[in-house]
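# Reading the structure
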Amino acid sequence: MTVPSLQWFLYGFVRKEAVISSQIEGTQATFEDLITFEATRQTDRDDDVEEICNYVAALEYARAEVARPKGLPICTRLLCQIHKRLMHGVRGAEKQPGIVRTSQNWIGGSRPGNAMFVPPPPENVPEALALLDRWVHQEDGFPPLVRAGLAHVQFETIHPFLDGNGRVGRLLITLLVEHWKLLSAPLLYLSLSFKRHREEYYRRLSAVRTDGDFEGWIGFFLDAVREAADDAVEAATRVFRLLNDDRRLVTSHKAATVTSIRLFDHLPENPAITVAMAAELLGATKPTAIKAVQALVHAGVLEESTGKKRDRMYRYHRYLSLLAEDTEVQKP
Ligand SMILES: Nc1ncnc2c1ncn2[C@@H]1O[C@H](COP(=O)(O)OP(=O)(O)OP(=O)(O)O)[C@@H](O)[C@H]1O
């Protein structure tokens, strides 16, 4: 039996979270778009895919920073660095990447007068963030999960950036859950639950401010955590079963070679590959890589997806369909 690697799950879960968190506010790119772009650096949805790649990069940066002995702790400066990476490039350029806002923003509506929520004026934001920083690093007797929920609602209420506050605030939950040692890796993807219950998500955030309904928000947040935890266990079980079954298929196939089995073991983190990528992953020549890819095609694991003679791309389609569940874009 194959020993499951944490990296396999991290690969899929982090990307799934990135796709769904970005979709909450309307990014149209899908899991497939992201994987295709990562393999080929080509996409016809430039801005949307870039946003999702930025999310993955921002999370990786922040985790590394928090883990580094001299790195930034979870604080406003780190959140600004996360924001800078999230807004990198195309769409975010005019949204003051990495900078706490100096003008008024609002949510919903076309102006503050008809908005659903008008966050605090810019002159109050630095102090509100400093208080949040201090609160994160002091004990208050609440369980860490409740504290993660409180941090999120407080961050969303401050709404310190011109855009991207939803994504930064959801990344903050992921970082706190790891920082407070509830999980050893970001394996809890709350965005799916927030996406499924988006209206209630927004309503509960609002009710904290309008009615002081912290209990209602925390109840909703903890239900989302339970839903996400159940989803994660089920998804991990299915991913593991599939990889295990397919590895057996590959090793017992008549076309199997040691190299093709080694290539299979790279697929969980490289589910869409070209021959050039396979050669690099294997540290082998192109003919050897072609043979390994062909063996996986014959075993029914990889499928050529371009129909082209050159620059062909091969996908581990069963695995990709599993990871892509719930990441479809809902048509308006
Ligand atoms: N009524 C509300 N009160 C406080 N926060 C809210 C409210 N409604 C929504 N939010 C939060 O604001 C986020 C949207 O803010 P913003 O557009 O700055 O972030 P974003 O990251 O660009 O959106 P995002 O969620 O757009 O991808 C929502 O995702 C949610 O977290």
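Figured I'd write up the structure that's included with this text. (Residues numbered from 1 in each chain as written. Predicted model: local features only at pLDDT ≥ 70, side-chain atom pairs only at ≥ 80, totals over all residues. Heavy atoms only, no water.)

For the structure on display, the rule yields 13 aromatic pairs. Between Tyr-201 and Phe-220, the ring centres sit 6.5 Å apart and the planes meet at 15°, which makes this aromatic pair stacked. Of this pair, Tyr-201 sits in helix α9 (residues 198–211) while Phe-220 sits in helix α10 (residues 214–252); the two residues are 19 residues apart in sequence, bridging distant segments of the chain. Grouping residues by exposure puts Tyr-201 and Phe-220 together as buried. Cluster of aromatic residues (ring-pair linked, three or more members): Phe-194, Tyr-201, Tyr-202, Trp-217, Phe-220 and Phe-221. Directly above the ring of Phe-117 sits Arg-209, whose terminal nitrogen or CZ lies 3.3 Å from the centroid. (Phe/Tyr/Trp six-rings, centres within 6.5 Å; stacked < 30°, edge-to-face > 60°. Helix = DSSP H or I, 4+ residues; strand = E, 2+ residues; numbered from the N terminus. Buried < 20%, exposed > 50% of the residue type's maximum accessible area, 1.4 Å probe, protein only. Lys NZ or Arg CZ within 6 Å of the ring centre and 35° of its normal.)

In this section: the pattern of salt bridges. On inspection of all chains with the given rule, the structure shows 17 salt bridges. Taking the shortest distance from any N to any O, the salt bridge between Arg-315 and Glu-32 comes out at 2.5 Å. Of the two residues, Arg-315 is situated in strand β3 (residues 314–315) and Glu-32 in helix α2 (residues 31–40); the sequence distance between them amounts to 283 residues. According to the relative accessible area criterion, Arg-315 is buried, its value standing at 13%. (Salt bridge = Lys/Arg side-chain N within 4 Å of Asp/Glu carboxyl O.)

Reading across the sheet, the three strands line up as β1-β3-β2 and stay open at both edges, with antiparallel pairing between neighbours. Either end of the sheet is taken by a strand with one partner, and the two such strands are β1 (272–273) and β2 (303–304). One ladder, built from two bridges, connects β2 with β3; its direction is antiparallel. Directly across from Glu-304, in β3, lies its bridge partner Tyr-314. (Pairing = 2+ DSSP bridges.)

A rise of 1.5 Å per residue sets the reference length of helix α5 (residues 125–136), with its twelve residues, at 16 Å; its end C-alpha atoms lie 16 Å apart and thus fit the reference within 8%. Listed as buried for α5 are Val-125, Ala-128, Leu-129, Leu-132, Trp-135 and Val-136. Looking straight down α5, one finds its buried side chains confined to an arc of 120°; they lie on one side. For α5, the exposed residues set more than 90 degrees away from the buried face come down to Glu-127 and Arg-134. Those residues of α5 hidden inside the fold are in contact with α4 (76–86), α6 (144–158) and α7 (165–179). (Expected span 1.5 Å × (residues − 1). Arc of directions from axis to C-beta. Contact = heavy atoms within 4.5 Å.)

This is a description of form; function is not addressed.
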